Every structure is written in C-alpha cells, then in structure tokens.
Amino acid sequence: MNKDDFENVIKRRYSVRSFSDKKLEEDKINKILEAGRIAPTAKNLQPQLIYVITSSKGLDKIDKVSRCRYNAPLVMLVCSNKDIAYNLEDYSTYEMDATIVAVHMMLEATYLDVGSVWVEMFDNKKIKEEFNLDKNIEPICLLCMGYATSDSKPSNMHFTKKDLKDIVRYV
Ligand SMILES: Cc1cc2nc3c(=O)[nH]c(=O)nc-3n(C[C@H](O)[C@H](O)[C@H](O)COP(=O)(O)O)c2cc1C
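(A) Structural view of the pairing of strand E6 (residues 137–146). Counting buried residues along E6, ten of its ten residues qualify, which places the element largely inside the surrounding structure. Pairing of strand E2 (residues 74–81) with E6 involves eight bridges; the strand directions are antiparallel. Within E6, the residue paired with Leu 77 across the bridge is Leu 142. Strand direction decides the pairing type here: strand E5 (residues 115–119) and E6, joined by five bridges, are antiparallel. Note that in E6 the partner of Val 119 across the bridge is Leu 142.

Written as structure tokens, this is what we have:
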C-alpha cells in the first residue's frame, strides 16, 4: 500500500449511522481483528479484549444498553483489562491502549469498505452485566460495523473539522 492509499482511507472514513442487513464476511472480520492485534500498547502489555457480537441475542443486548447500533450486523465491544495494562501509582494506560486498538480496527474497516461508527453512548453498568464482564474488564467503546446503506452519508459534523491553525502550535 502506498502513501496515497492510506490518505484515501483516512479521508474516506466517516461515522456511518445507517447500516444494511448484509453480514460482514469472516475474512474481513479477521483482518479487522488482526489490525487490533498488532496495534501499539504501552510496554506492549496488550490489555485489549474484544467481544465480536453478531448473534441476534448479543445484538439485542447491545440494543438494551445503547440507542446507537444503527442496525449494524456486527458490534465490536472493545474492552481493556485494567489488571494487565501499564499501571503506575496514579496513572494507567488501559484506556489509551484500547482506544488505539479501536482506531486501528476502524481504519482497517474503512480500507476494506466496511462502514463503522464509534459509540460511547452506552450504559456502562448494564453492559458489564449483560456480557458478564469480569471486574477488571472495562468497556471502552462500541464499534458498530457493517455495510452502509446506499443513502448513508456523513453528518454535518463530519464536515466541520477545525483548521490546523486552531489545533496546532509550533514551538
Ligand atoms: C470518543 C467518541 C465517542 C463517540 N460516541 C458516539 C456515539 O455514542 N454515538 C454516535 O452516533 N457517534 C459517536 N461518535 C462519533 C462522532 O460523533 C463523530 O466521529 C464526529 O461527529 C465526527 O464525525 P465523523 O466521524 O463522521 O468524521 C463518537 C466518536 C468518538 C471519537
């Protein structure tokens, strides 16, 4: 893949909020998971734990805890194991690590023409109960994935990114 391909991927990505019923192919799911597997994590401790939810029972559980599935046929519940992450006295990288993993997977999905949206609006307590998460496993985000419907388009928010001058300081 050359540089232009990568730039196309990051420019093509937008939050998809309308998914068709078409299921994701297993090889694409595996490639997306592989992108999460090789992501950088602090001290390479790899605290990520990813639940791949495709069954109607699992998706029903997601609908119980979030209004943001948008009919996606697959949801990755990206978690982090707080016990495994790099933990200092007053600081842990568990959230950062899992976030980087999720970004890797999101961009791989875009590369494979799979739509996705990052969802943080979910009931944290309920999701732990629904999926019987151990005490040390912290849900970080949901990545809803699938094929965008033909009328799916980026929201206005997608087009209102700040200018570089507002987010960059050269020192
Ligand atoms: C940390 C985080 C949390 C988000 N939570 C939600 C959410 O709960 N529901 C949703 O529909 N979109 C959610 N989004 C998507 C953002 O609204 C979206 O990325 C932003 O508006 C920019 O649009 P774009 O992704 O199309 O460029 C979230 C994104 C991030 C990074």
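Next comes the rest of the account.
(B) Geometry of a nonpolar patch on the surface. Together, Leu 164, Ile 167, Val 168 and Tyr 170 make up an exposed nonpolar region whose accessible area comes to about 500 Å². Tracing the chain through its elements places Leu 164 in helix H6 (residues 164–167). Note on Leu 164: relative accessible area 64%, which makes it exposed.

(C) Structural view of helix H3 (residues 56–65). Within H3, burial applies to Gly 58, Leu 59, Ile 62 and Val 65. Projected down its long axis, H3 shows its buried positions confined to an angular sector of 120°, all on one face. What points out from H3, more than 90 degrees from its buried face, is the exposed set Ser 56, Lys 57 and Lys 64.

(D) Spotlight on the sheet that holds E5. Taken in spatial order, the four strands line up as E1-E2-E6-E5 in an open sheet, and their pairing is antiparallel. With one partner strand each, in any of the chains shown, strand E1 (48–53) and E5 form the two edges of the open sheet. Shown here is a sheet whose adjacent strand axes are inclined to one another by a mean of 25°, direction ignored.

Criteria and cut-off values
- The numbers attached to residues start from 1 for each chain and follow its sequence in the written order.
- Given that this is a predicted model, residues contribute local features only at a pLDDT of at least 70 and side-chain atom pairs are listed and counted only at 80 or more, while totals for whole chains, interfaces and linings are drawn from all residues.
- To obtain the side-chain values, all non-hydrogen atoms of the structure were used and water was disregarded.
- Buried means the residue's accessible area, taken with a 1.4 Å probe over protein chains only, is under 20% of the maximum for its type, while exposed means over 50%, and partly exposed covers the values in between.
- For helices the rule is a DSSP run of H or I covering at least 4 residues; for strands it is a run of E covering at least 2, with both sets numbered from the N terminus onward.
- Criterion used throughout: strands pair if DSSP finds at least two bridges between them.
- The patch calculation keeps residues exceeding 30% relative accessible area without a salt bridge and links them within 9 Å when they carry like charges or within 5 Å when they are nonpolar (Val, Leu, Ile, Met, Phe, Trp, Tyr).
- Note on areas: Shrake-Rupley with a 1.4 Å probe; residue coverage comes only from the protein chains shown.
- Whenever a carboxyl oxygen of Asp or Glu lies within 4 Å of a side-chain nitrogen of Lys or Arg, that contact is scored as a salt bridge.
- Of all possible arcs, the one meant is that of the directions from the helix axis to the C-beta atoms.
- Interaxial angles span 0 to 180 degrees and are taken between N-to-C directions of axes, which are lines fitted to C-alpha atoms, for helices over the stretch in contact.

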